[in-house]
Amino acid sequence: MSDAMEIFEAQPGDARDATIELILRYLDQSASDADIAQLSDTIASDGTAANLLVKIAEQRLSMRESLRRRATVSRIDSAVSTAHEAALRPRTRWRRPITALAAAIALIVSVGYVMQTWRGERDTDTTAARHHDDGPAVGVVVQGEDTLWRSGAAGDDEALTQGQSLSAGPMNSEGGRSEVYLLSGVNVSFIGKVQARLIDAMHMELTRGRVTIAVQEGTSGFTINAAGISITDLGTVFDVNVDDAGRVEVHVMEGKVMATLPGDARRAPALVTVNHDESVRLDPHEATVARFNNHYGRFDPPIPTTWHSLDAGGRVMFPPFGLPSYSNQDGIMGQPTNAALLDGDGTLHIWGNAWKHIDVDYDVTDRTILEFEFRSDAPGEMLGIGMDDDNNVGTGRHMLLLAGHDKQHPSASSAYYSDEAPSQWQLYRVAMGKHFKGRAKQIVFFADDDAHGKADAWFRHVRVYESDEASRLGVGKVKRETGESQ
């Protein structure tokens with residue numbers, strides 16, 4: 001905080017007492033409707049009051065930033081500059097209450113008064129709000145760092161300034177970083193070179209570049225159209241980037257968003273939910289979705305939006321484009337990891353030191369049965385299957401250990417373990433609700449052999465479905481020979 005900064009406090013006998021008290025209550029979000037109406041009238045008629053409101057709000061912002069720096073709390077862009085960095089950095093809560101400065105500017109804009117310059121003196125005459133385009137104000141430029149703003153058509157561009165109110169229209173940043181507060185309660189941070197357009201306080205378009213959205217508590221439904229993909233906030237903080245190829249990356253730091261890929265004559269529109277701490281890459285041209293693997297620091301292979309991991313009967317549909325790695329286990333210790341699909345993609349063969357998964361969205365209950373056939377030619381250390389909700393082998397006991405030299409594992413149930421791996425197909429029916437309940441996000445297949453990389457496992461006829469039979473299935477009493485060896 002600058003040594004020259006004036007500290008505003010209400011003092012006995014100070015002629016500004018009443019106005020300062022109203023300002024403090026407003027910034028503390030404790031002002032009544034009558035207080036806000038009175039403060040609005042004062043600002044509309046007295047330019048000094050508008051300056052005072054902004055200066056007090058600036059003081060609070062400076063103090064907050066100083067404390068935040070001392071606590072080493074990262075700014076939003078420092079955690080999501082790339083998907084790789086987002087995966088490797090420690091997580092923190094991103095939801096921010098409305099800043100005092102944004103609240104102050106919002107009130108001033110709402111009564112048709114905006115300072116011509118952010119800092120510096122101005123006279124006390126009321127001046128009409130400045131907009132970068134014609135039309136009613138939808139927001140205001142709150143702060144900027146080395147940012148060159150351009151708006152409008154070539155030749156008529158106007159460089160935006162801090163404290164300037166905004167109406168619907170182009171929002172093109174040539175570099176740096178700026179934050180815009182929309183009157184709907186949404187903060188939009190423009191990072192680097194950005195081509196965008198404000199539609200209104202709840203809608204914007206993003207053609208190129210990166211923005212970060214922080215939605216005020218109590219506000220939801222803010223929507224970005226990014227390269228034809230509609231991304232709707234469901235109460236969150238999230239980051240959107242459109243690259244030069246038109247691909248859209250979405251990173252959710254808090255809450256969740258719903259992305260809608262457009263359909264055409266060949267396919268219906270596809271809905272993709274992105275939850276807390278998840279990242280996806282969406283390609284509207286190829287109609288694919290690739291999810292970011294936090295453990296490996298890379299995106300998994302893209303999945304066509306027309307592909308579904310479970311059919312109507314609960315049968316697992318193995319993706320023909322390959323199975324992504326699970327957790328941080330796949331191929332560790334430098335051992336090989338392999339996977340192949342046979343029999344029209346209905347049979348999965350994994351070998352080496354392989355941990356693979358498919359993405360699902362399934363609510364596991366007391367009636368849920370996981371059914372599959374399994375066999376092995378070489379048991380290795382551990383062979384098995386499981387369901388998980390966080391792509392993390394270290395949490396819960398969601399894995400089912402079927403065979404291998406290691407008879408126990410902290411994250412697996414040994415109830416279905418056999419000393420000898422079956423060389424012929426065996427059918428298993430597992431009451432999965434006795435081991436795991438809630439929303440499952442992955443079905444996991446593993447042939448683990450850290451020491452030699454020679455484990456081998458086969459799976460086919462994998463299904464997940466609901467049945468009252470689950471209550472009659474005893475733990476471990478689930479298998480029988482199918483009479484086939486191939």
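**Side note on the overall build of the protein**
Item 1. Counting secondary structure elements, the protein contains six helices and 27 strands.
Item 2. Burial analysis of the protein (486 residues in total) assigns 51% to the buried set.
Item 3. Of the contacts formed within the protein by residues at least 6 apart in sequence, a portion of 61% connects residues at least 24 apart.
Item 4. Looking at the protein as shown, the accessible area adds up to about 21,400 Å², and 48% of this sits on carbon and sulfur atoms.

**A look at the pairing of strand β24 (residues 426–431)**
Item 1. Of all six residues in β24, five are buried; the element is thus mostly enclosed.
Item 2. Note: strand β20 (residues 368–378) against β24, six bridges, orientation antiparallel. Of the residues in β24, the one forming a bridge with Leu370 is Val430.

**So, the sheet that holds strand β19 (residues 354–364)**
Item 1. An order of β19-β25-β21-β22-β23 is seen for the five strands of this open sheet, with the pairing classed as mixed. Edge strands, defined here as strands with exactly one partner in the open sheet, are β19 and β23 (412–413).
Item 2. Bridge analysis of strand β21 (residues 382–388) against strand β22 (residues 399–403) gives four bridges, and the strand direction is antiparallel. Across the sheet, Ile385 pairs through a bridge with Leu400, a residue of β22.

**What to know about the nonpolar core**
Item 1. Counting residues in hydrophobic clusters, the biggest one holds 38 residues, and the most contacted among them are Ile224, Ile231 and Leu282.
Item 2. For this core, the element with the highest residue contribution is strand β5 (residues 186–200), accounting for six residues.
Item 3. Of all hydrophobic cores here, the second largest spans 34 residues; its members include Leu310, Ala354, Val430 and Phe459.

**Examining the environment of Asp366**
Item 1. If you trace the backbone, Asp366 turns up in the loop between β19 and β20.
Item 2. The residues touching Asp366, leaving out its near neighbours within four places in the chain, are Gly433, Lys437 and Ala470.

**Thoughts on the side chain of Arg177**
Item 1. Within the element layout of this structure, Arg177 appears in strand β4 (residues 169–182).
Item 2. For Arg177, a relative accessible area of 9% translates into the label buried.
Item 3. Of note is the side chain of Arg177, whose polar atom sits 3.2 Å from the side chain of Ser189.

**Structural notes on the pattern of salt bridges**
Item 1. Here the structure, examined in full by the defined rule, presents 15 salt bridges.
Item 2. For Asp243, the salt bridge goes to Arg247, with nearest N and O atoms at 3.0 Å.
Item 3. A residue is classified by how much of its surface remains accessible, and Asp243, at 18% relative accessible area, is buried.
Item 4. For Arg247, a relative accessible area of 31% corresponds to the partly exposed category.
Item 5. A cluster of three or more residues bridged by salt bridges with shared partners is formed by Glu278, Arg291 and Lys441.

Cut-off values and rules
- Residues numbered from 1 in each chain as written.
- Predicted model: local features only at pLDDT ≥ 70, side-chain atom pairs only at ≥ 80, totals over all residues.
- Heavy atoms only, no water.
- Helix = DSSP H or I, 4+ residues; strand = E, 2+ residues; numbered from the N terminus.
- Buried < 20%, exposed > 50% of the residue type's maximum accessible area, 1.4 Å probe, protein only.
- Contact = heavy atoms within 4.5 Å.
- Areas by Shrake-Rupley, 256 points an atom, 1.4 Å probe, with all protein chains shown as cover.
- Pairing = 2+ DSSP bridges.
- Core = buried A, V, L, I, M, F, W, Y, C linked by side-chain atoms within 4.5 Å.
- Polar contact = N/O pair within 3.5 Å; in protein donor to acceptor, adjacent residues only side chain to side chain.
- Salt bridge = Lys/Arg side-chain N within 4 Å of Asp/Glu carboxyl O.

Take it as geometry only, folks, not as evidence of what the structure does.
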